[in-house]
Amino acid sequence: MHWVAVDWGTSSLRGALLDADGKVLEEQSHARGILSVPAGGFGAVFDELFGAWMAPAGTRCLISGMAGSKQGWVEAPYCACPAGLAEIAAKVIEVQSGRVAMVPGLSDEHDGVPDVMRGEEVQLFGAMALTGLRDGLFVLPGTHNKWVRVAEGRVAGFRTFMTGEFYALLGTHSILARTLDTSAPLDEAAFLQGVTQSANNEGLLHNAFGARTLALFDRMSAADLASYLSGLLIGEELRTQSLRAAGEVVLIGSPALTQRYALALHASGVASRTLGAEATWAGLHAVATTLAP
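Read on for an overview of the structure. Keep in mind it's a predicted model, so treat the numbers as computed, not measured. (Residues numbered from 1 in each chain as written. Predicted model: local features only at pLDDT ≥ 70, side-chain atom pairs only at ≥ 80, totals over all residues. Heavy atoms only, no water.)

### Here we look at the overall build of the protein chain
Reasoning step 1: When helices and strands are tallied, the protein chain shows 9 helices and 14 strands.
Reasoning step 2: Taking 19 Å as the expected radius of gyration for a compact globule of 293 residues, we find that the protein chain reaches 20 Å, a close match to that expectation.
Reasoning step 3: Each principal axis of the C-alpha atoms in the protein chain carries an extent, and together these give about 65 × 40 × 40 Å.
Reasoning step 4: Residues classed as buried in the protein chain amount to 50% of the 293 residues present.
Reasoning step 5: When the accessible area of the protein chain is evaluated, it comes to approximately 13500 Å², of which 54% is carbon and sulfur surface.
Reasoning step 6: Counting 20 positive and 29 negative side-chain charges, the protein chain places the centres of these two groups 3 Å from one another. (Helix = DSSP H or I, 4+ residues; strand = E, 2+ residues; numbered from the N terminus. Rg over C-alpha atoms; globule rule 2.2 N^0.38 Å. Buried < 20%, exposed > 50% of the residue type's maximum accessible area, 1.4 Å probe, protein only. Areas by Shrake-Rupley, 256 points an atom, 1.4 Å probe, with all protein chains shown as cover. Lys, Arg positive; Asp, Glu negative; His and termini not counted. Charge placed at Lys NZ, Arg CZ, Asp CG, Glu CD.)

### What about helix H4 (residues 163-173)?
Reasoning step 1: Where H4 is concerned, the buried positions are Thr-163, Tyr-167 and Gly-171. On an axial view of H4, the arc spanned by its buried residues comes to 60 degrees, and they lie on one face.
Reasoning step 2: Summarising the contacts, the buried residues of H4 are in contact with strand E11 (145-151), strand E12 (154-161), helix H7 (222-239) and helix H8 (255-267). (Arc of directions from axis to C-beta. Contact = heavy atoms within 4.5 Å.)

### Quick notes on the nonpolar core
Reasoning step 1: Judged by nonpolar contacts, the single largest core of 33 residues is most densely connected at Leu-62, Leu-106, Leu-124, Phe-138, Val-148, Val-155 and Ile-252.
Reasoning step 2: For this core, the elements supplying multiple residues, two or more each, are strand E1 (3-8), strand E2 (13-18), helix H3 (120-131), strand E10 (136-140), E11, E12, strand E13 (249-252) and helix H9 (278-291).
Reasoning step 3: Every residue in contact with Val-155, bar those within four places of it in the chain, is listed here: Cys-81, Pro-82, Ala-83, Leu-106, Leu-124, Phe-125, Val-148 and Arg-149.
Reasoning step 4: Val-4, Trp-8, Ile-34 and Ala-76 belong to the second largest nonpolar core, which has 22 residues in total. (Core = buried A, V, L, I, M, F, W, Y, C linked by side-chain atoms within 4.5 Å.)

### Some points on the sheet that holds strand E4 (residues 60-65)
Reasoning step 1: Pairing is mixed in the open sheet, where 6 strands are placed in the order E3-E2-E1-E4-E7-E6. A strand with exactly one partner marks an edge of an open sheet, and here the two such strands are strand E3 (24-30) and strand E6 (93-96). With strand direction ignored, the average angle separating the axes of adjacent strands in the sheet is 20 degrees.
Reasoning step 2: The pairing of E1 with E2 spans 6 bridges and is antiparallel. Opposite Trp-8, over in E2, you have Leu-13 as the bridge partner.
Reasoning step 3: Its contacts with the sheet put H9 on E1, E2, E3 and E4, and the angle it makes with E1 is roughly 125 degrees. (Pairing = 2+ DSSP bridges. Axes fitted to C-alpha atoms, helices over the stretch in contact; angles between N-to-C directions.)

### Description of the side chain of Asn-145
Reasoning step 1: Mapped onto the secondary structure, Asn-145 falls in strand E11.
Reasoning step 2: Of the residues examined, Asn-145 reaches a relative accessible area of 1% and is grouped as buried.
Reasoning step 3: Reaching out from Asn-145, the side chain makes a polar contact with the backbone nitrogen of Gly-142 at a distance of 2.5 Å.
Reasoning step 4: Among the polar contacts made by the side chain of Asn-145, one reaches the side chain of Glu-237 at a distance of 2.7 Å.
Reasoning step 5: Ignoring anything within four residues of it in the chain, the contact list for Asn-145 reads Leu-140, Arg-159, Thr-160, Phe-161, Thr-163, Gly-164, Glu-237 and Tyr-261. (Polar contact = N/O pair within 3.5 Å; in protein donor to acceptor, adjacent residues only side chain to side chain.)

### Points about the state of the cysteines
Here is the idea: a disulfide is a covalent bond, and it sits between the sulfur atoms of two cysteines.
Reasoning step 1: Going through the model one piece at a time under the given rule, you end up with 0 disulfides.
Reasoning step 2: Cysteine Cys-61 remains unbridged, with the sulfur of Cys-79 as its closest cysteine sulfur at 20 Å.
Reasoning step 3: Cys-61 sits in the buried class, given a relative accessible area of 1%. (Disulfide = S-S within 2.5 Å.)

### Looking at the packing of aromatic side chains
We describe a pair of aromatic rings using the distance from one ring centre to the other and the angle between the two ring planes.
Reasoning step 1: Per the counting criterion, the structure on display carries 6 aromatic pairs.
Reasoning step 2: Arranged with centres 6.2 Å apart and planes meeting at 70 degrees, the rings of Trp-8 and Trp-73 form a pair that is edge-to-face. Taken together, the residues span a long stretch of sequence, with Trp-8 in strand E1 and Trp-73 in the loop between E4 and strand E5 (79-80) at a distance of 65 residues. Residues Trp-8 and Trp-73 agree in their burial class; the two are buried.
Reasoning step 3: Pairing Phe-42 with Trp-73 gives two aromatic rings, centres 6.4 Å apart and planes at 15 degrees, and the pair type is stacked. Of this pair, Phe-42 sits in helix H1 (residues 42-54) while Trp-73 is found in the loop between E4 and E5, placing the two residues 31 residues apart along the sequence. You'll find Phe-42 and Trp-73 in the same group, each marked buried.
Reasoning step 4: We note Arg-118 situated over the ring of Tyr-78; from NZ or CZ to the ring centre the distance is 4.3 Å. (Phe/Tyr/Trp six-rings, centres within 6.5 Å; stacked < 30°, edge-to-face > 60°. Lys NZ or Arg CZ within 6 Å of the ring centre and 35° of its normal.)

Okay, here's the thing in structure tokens:
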């Protein structure tokens, strides 16, 4: 039996055709995130994109990501942490009976305030399957970065940081936008300077203004300032973590983002390893295997 694995996000979606052992046979990606789908149109979009893969008898599909949100195809309620594959599988929602199902997200509580993820949970279980790790610290960089504690093969808890979104806001809508070139490639020296500066205990609100004054006094170019600001923001994240107790950190995401976290962690004396899209497919296969009779 083949499985169709789909990661359906806000602005785009990716899919993979997997064999029974989880090997990727084919992949595809489209700019057809949930925001582009009209009300009641998810089934038609799914059939348009994945109908050929689903045609053979017995083929089943698992979908993760924002397609399972209130704005998506079918809402899959959050599964509370701590949670393992068994808990995730128990809350999978059937979209089309025996054919298409939705993976739930995860939720965690911090002092009475909820935290959530959708899509990252399958990446985490995929990373565990690929690395063999059942304990440790996993980081998923993105618009909203996730720092996740894993214990005994279960997601013990996590915290979300709006670092990517704050970088976009500061680089587009603040006074810093006039002196930053956010399209510039990463400058490692400027980035690490920002990471170091973030550890001065002065706080992000003060340190971010330094990106303005470094331009004012012509001490850093617009291209370098973008990397410097990125370093400040990521450094602020690292400052809140107990990294010495973490050992090796597993990074999951696009190379452009995981590279920055690997640099910042290395500068802090912490080793890391990196995984990409393969974690998603491995994770969806792990959930599928748990569901299989």
